[in-house]
Amino acid sequence: MHWTGKIEPIAFSILGRDVAWYGIIITSAMLLGLLLVIQLSKKLKITSDDLLEMFLIAIPIAIIGARIGYVLFHPSYYFDLNHAFGIQDFINIVAVWDGGLTITTGAPFGILGGYLWAKRKKIDFIYFTDNIIFVVLLCQAIGRWGNFFNQELYGQQVTNPSLQFFPYSVFISAERAWFQATFFYEFVANLLGFIMLYMLSRRLKVKGAGILGYVTVYATIRAIMESLRTDSVKDGVHYAMIVSIIIAVFAASALVYLIIIQHKKGRVWYPRCIPLNEYTDAHLTDKKDNNKDIEKSNKE
């Protein structure tokens, strides 16, 4: 007998307020991401206190971005043209506690928060991001299990009984039918992308490669996932898939260009691992320059 996929989205309640599995999973993913970034940043001479400050800046901005994206992707639910926009409509838009976040816009906003932090701390944002951005893919992979508990982000309906099994498909209670488990596909794809970019970060020394690598990998994953879904199709066109393909091609082309340019200047690939001094030299040089600027301004 097939598993029916009956899932409870609510984990427990506190003082009459429901706590959703989605929120627990997303929070756990962010905390794990912070711990990994702290560990990875040791070689960059960036302290855990600095990274905690970045976390406190970037995460709220990421949540705002994730909520904005969700609202924009579901306009009919939040904006009813048949009546005037009121205070309750505004409350529904900001009510993140009721669920409704999208990683697609949350990640860029989180990166923006990291940029603002780096600007404030006078840290080379590109150099720093290159060495830790692949952690975002791991967090996104874990976050997809939140979609599992919410019974969302599934693909096309599966009518063949022999294919009605997890992880190929998942039973959606509201639809009373089986659908492709695209949330699980993306979980696996993001996990593999995380491993691949982590390995590249240890061997490829090209400034900007980490960021472009992340954009290329994630945009490619999104293009594949969107091709399997039907809710993003408008007038028979997979607009989200087309946009993802364009972004992936542009980022991949820019990455190849950077590698070619850097290769003409010197070594870019290390078969075993980039020496520690290669990691830290640029960062420490920037830091010394910043300290000189601070000392100069203090004298003035």
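Residues numbered from 1 in each chain as written. Predicted model: local features only at pLDDT ≥ 70, side-chain atom pairs only at ≥ 80, totals over all residues. Heavy atoms only, no water.

Could you give an account of the overall build of the protein chain, with specific residues and numbers?
A count of helical and extended segments in the protein chain gives eleven helices and six strands. Of the contacts made within the protein chain by residues no fewer than 6 positions apart, 69% connect residues no fewer than 24 positions apart. (Helix = DSSP H or I, 4+ residues; strand = E, 2+ residues; numbered from the N terminus. Contact = heavy atoms within 4.5 Å.)

So what's going on with the nonpolar core? Residues and values would help.
Among the nonpolar cores identified, the biggest contains 43 residues, and Val37, Ile46, Leu51, Trp117, Phe128, Leu137 and Tyr214 are the most heavily contacted of them. Beyond its immediate sequence surroundings of up to four residues, Phe128 is in contact with Val37, Ser41, Leu44, Ile46, Leu51, Met54, Trp117 and Ile123. Within the second largest apolar cluster, seven residues are counted, among which are Val206, Leu212, Leu255 and Val268. (Core = buried A, V, L, I, M, F, W, Y, C linked by side-chain atoms within 4.5 Å. Buried < 20%, exposed > 50% of the residue type's maximum accessible area, 1.4 Å probe, protein only.)

Tell me what's going on with the pattern of salt bridges, and back it up with residues and numbers.
Where charged atoms from two side chains of opposite charge come close, those side chains can pair. Per the stated rule, a full pass over the model turns up eight salt bridges. Two residues, Arg120 and Glu53, come together in a salt bridge whose shortest N-O distance is 2.1 Å. With Arg120 in helix α5 (residues 103-121) and Glu53 in helix α2 (residues 48-73), this residue pair connects regions lying 67 residues apart in the sequence. Between Glu186 and Arg222 there is a salt bridge, and its shortest N-O distance comes to 2.4 Å. Residue Glu186 is found in helix α8 (residues 182-201), and its partner Arg222 is found in helix α9 (residues 209-228); the two are separated by 36 residues along the sequence. The residues Glu186 and Arg222 share a single accessibility class, namely buried. Each of the salt bridges in this network shares a partner with another, and the network as a whole consists of Arg144, Glu186, Arg222, Glu226 and Arg229. (Salt bridge = Lys/Arg side-chain N within 4 Å of Asp/Glu carboxyl O.)

Can you explain the environment of Val94? Please cite residues and give values.
Along the polypeptide, Val94 turns up in helix α4 (residues 87-94). Among the residues examined, Val94 registers a relative accessible area of 34% and is labelled partly exposed. For the pair Val94 and Arg67, spaced 27 residues apart in sequence, the C-alpha to C-alpha distance is 7.5 Å.

Report on empty space enclosed by the protein, specifying residues and quantitative values.
Rolled over the atoms, a probe as big as a water molecule pinpoints where empty space is left. On inspection of all chains with the given rule, the structure shows two cavities of 30 Å³ or more. What the largest cavity holds in volume is close to 50 Å³. Residue assignment for the lining of the largest cavity shows that the elements contributing at least two residues are α8 and α9. Broken down by element, the residue count for the lining of the largest cavity peaks at three residues, all from α8. (1 Å grid on protein atoms, 1.4 Å probe; cavity = no way out; pocket = protein on both sides within 12 Å on 5 of 7 lines; lining within 4 Å. Points joined across faces, edges and corners; volume = space filled by probe spheres on them.)

Account for the packing of helix α7 (residues 134-150) against α9, naming residues and giving values.
Close contact between α7 and α9 brings their axes to 11 Å; oriented N to C, the two are set at 25 degrees. When the interaxial angle is binned, α7 and α9 end up roughly parallel. In this structure, α7 uses Val136, Leu137, Gln140 and Arg144 to contact α9, whose residues at the interface are Tyr214, Val217, Tyr218 and Arg222. (Axes fitted to C-alpha atoms, helices over the stretch in contact; angles between N-to-C directions. Parallel < 35°, antiparallel > 145°, perpendicular 65-115°, else oblique.)

Any details on the packing of aromatic side chains? Residues and values, ideally.
Here the structure, examined in full by the defined rule, presents 24 aromatic pairs. Plain terms: the ring middles of Trp21 and Phe149 are 5.3 Å apart, the flat faces sit at 25 degrees to each other, and that makes the pair stacked. Here the residue Trp21 occupies a position in helix α1 (residues 21-40), and Phe149 occupies one in helix α7, the gap between them amounting to 128 residues. Under the relative-accessibility criterion, Trp21 is labelled partly exposed at 32%. (Phe/Tyr/Trp six-rings, centres within 6.5 Å; stacked < 30°, edge-to-face > 60°.)

Outline a nonpolar patch on the surface, supporting the account with residue identities and numerical values.
A cluster of nonpolar side chains, contributed by Ile64, Ile68, Leu72, Phe73, Phe109, Leu112, Tyr115 and Leu116, occupies part of the molecular surface with about 750 Å² of accessible area. Those elements that provide at least two residues to the nonpolar patch are α2 and α5. Tracing the sequence through the fold places Phe73 in helix α2. Judged by relative accessible area, Phe73 falls into the exposed class, the value being 52%. (Patch = residues over 30% accessible without salt bridge, like charges linked within 9 Å, V, L, I, M, F, W, Y side chains within 5 Å. Areas by Shrake-Rupley, 256 points an atom, 1.4 Å probe, with all protein chains shown as cover.)

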